[in-house]
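# A closer look at the structure
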Amino acid sequence: MDYVLEIKNVTKRFGDFTAVDSVSFDVEDGGFFSILGGSGCGKTTLLRMIAGFEIETEGDLLIRGESMKGIPPEKRAVNIVFQNLALFPMMNVEKNVAFGLQRQKLPKPEVETRVKEMLERVGLVGFEKKNVNDLSGGQRQRVAIARSLVLRPSILLLDEPLGALDRKLREHMKIELKVLQKEIGTTFIYITHDQSEALVMSDKVAVMNEGRFEQLDTPKNLYKHPATSFVAGFVGENNEFDVSGYADGELKTQNGCRLIKQGLDFQPQKLFMRPEAFILNPSEGLSDIQLIDMRIKAILFDGSNTKISAIIKESNDDVLISLPQNAEFEALKEGDDLKVGIHRDDIKCFRR
Ligand code: ATP
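Residues numbered from 1 in each chain as written. Predicted model: local features only at pLDDT ≥ 70, side-chain atom pairs only at ≥ 80, totals over all residues. Heavy atoms only, no water.

## Observations concerning the nonpolar core
Of all hydrophobic cores here, the largest spans 33 residues; its most connected members are Val143 and Ile145. Going through the elements one at a time, α2 (93-103), α3 (108-121), α4 (137-149), β7 (155-159), α5 (167-184) and β8 (187-192) are the ones with two or more residues in this core. Broken down by element, the residue count for this core peaks at five residues, all from α4. Setting aside its immediate chain neighbours within four residues, Ile145 contacts Val81, Leu156, Leu158, Leu177 and Leu180. (Core = buried A, V, L, I, M, F, W, Y, C linked by side-chain atoms within 4.5 Å. Buried < 20%, exposed > 50% of the residue type's maximum accessible area, 1.4 Å probe, protein only. Helix = DSSP H or I, 4+ residues; strand = E, 2+ residues; numbered from the N terminus. Contact = heavy atoms within 4.5 Å.)

## Description of the domain arrangement of the protein
Here the domain parsing of the protein yields domain 1 (3-233) and domain 2 (237-350). Taken over C-alpha atoms, the centre of domain 1 sits 39 Å from the centre of domain 2. Facing nine residues of domain 1, the contacting portion of domain 2 comprises seven residues. With both chains or domains summed, domain 1 and domain 2 bury close to 680 Å², and 53% of this area falls on carbon and sulfur atoms. A per-residue breakdown of the area domain 1 buries against domain 2 is headed by Tyr223, Ser229 and Ala232, which together make up 66% of the total. The tally of links between domain 1 and domain 2 comes to zero salt bridges. (Domains from an automatic or database assignment. Buried area = accessible area lost by both parts, 1.4 Å probe. Salt bridge = Lys/Arg side-chain N within 4 Å of Asp/Glu carboxyl O.)

## A look at the site of the ligand
Taken together, Phe14, Phe17, Ala19, Gly38, Ser39, Gly40, Cys41, Gly42, Lys43, Thr44, Thr45 and Glu160 make up all the residues around the ligand. Taking Thr45, its side chain carries an N or O atom lying 2.6 Å from an oxygen atom of the ligand. Protein contacts shield 58% of the accessible area of the ligand, which totals 640 Å² for the unbound molecule. Mapped onto the shell around the ligand, the elements with two or more residues apiece are β2 (17-28) and α1 (43-51). When residues in the shell around the ligand are grouped by element, the largest group, three residues, is from α1. Partitioning the shell around the ligand into residue classes produces four nonpolar, six polar and two charged. (Near = heavy atom within 4 Å. Polar contact = N/O pair within 3.5 Å; in protein donor to acceptor, adjacent residues only side chain to side chain. Areas by Shrake-Rupley, 256 points an atom, 1.4 Å probe, with all protein chains shown as cover. Nonpolar A, V, L, I, M, F, W, Y, C, P; charged D, E, K, R; others polar.)

## A short note on the environment of Leu119
Of note, Leu119 is situated in helix α3. Spatially, the C-alpha atoms of Leu119 and Arg147 are 9.3 Å apart, while their sequence positions differ by 28 residues. Dropping the residues within four chain positions of it, Leu119 is found in contact with Val93, Val97, Leu124, Val125 and Glu128.

## A closer look at the packing of α2 against α3
Contact pair α2 / α3: the axes reach a minimum separation of 10 Å and the direction vectors enclose 130°. Classified by the angle their axes make, α2 and α3 are oblique. Considering how the two elements wind past one another, α2 and α3 form a crossing that is right-handed. Where α2 abuts α3, its residues Val93, Glu94, Val97, Ala98, Leu101 and Gln102 lie against Val111, Arg114, Val115 and Leu119. A class-by-class count of the residues in the contact of α2 with α3 yields seven nonpolar, one polar and two charged. (Axes fitted to C-alpha atoms, helices over the stretch in contact; angles between N-to-C directions. Parallel < 35°, antiparallel > 145°, perpendicular 65-115°, else oblique. Left-handed = near helix turned anticlockwise from the far one by under 90°.)

Right, here's the structure in full:
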């Protein structure tokens, strides 16, 4: 396997505090790899170590098989796009993109050719002479990416580059970035606290928590087969319950809801059920599906994301249920009783 980056037991301590705790992973060449985690989990520190702005306390990292020990940032085949983009405000688009090449003292015709090619690739032809301050947020984003990619790095590091954009533009840029990465083929390592960004764009996602990787997997597997309760709670919406006991194939939530789940070989402390896993008014007698009596607290209308906030009658546990896009359920209202089905495989249990 061709790995563009290999991280081997990398730890970073600031005094007594361990920001990155013995992390190991490999990144395949040409992929879109995301590091996803909440504030303070260590993702920026990890990115800064790859770029060479921070030096690891222990462990090693290799780019294209070569150890980066003692290699300064400017000698590493990586480039970084920051959240604030750090464009040169007094320069036009063309000059921003050309800057790094000129600093490398490349011949003028080569600089011109490479800048032209890059602006074509990111869809900025016609904007060459525009000042970067006169561009939209999305266009500025593309200038920042072009300015990095024109230097032909092995890896492009992206530090929450969509964080400062408004929601609509962010949604649009997610798709643009994914398509751009596939077209260009440069490895992207993208850090974000936004799970939807990570899921939509990435080939692989590492979920980080307190300096460690909880799970490194494809977006689909993270969602469908979370390895830990942290991942189950962090990736996608989920209904989380504390479990007070498990005996004879029956789980009991802290508040007293009973659920059938055969064959667990451990005592779980947490269980999760996705909002879309619930089946409204299922036919009776379906195998492996149990029925739960609920009452609707509120209908949370949000177009195709409409949900029902409900309580389980037996325990008063709160649950969120996705409402199918189906006229049959449009008449539902607050206070209605519901029979809700759940397949036993859709009850995910964890030790802690
Ligand atoms: P955010 O999304 O908020 O930027 P993050 O996951 O990127 O969070 P890091 O910036 O990597 O988190 O920080 C991880 C931890 O290390 C934090 O608790 C932070 O306070 C600490 N830390 C980072 N840099 C330093 C430093 N130079 N000195 C001391 N502590 C630091």
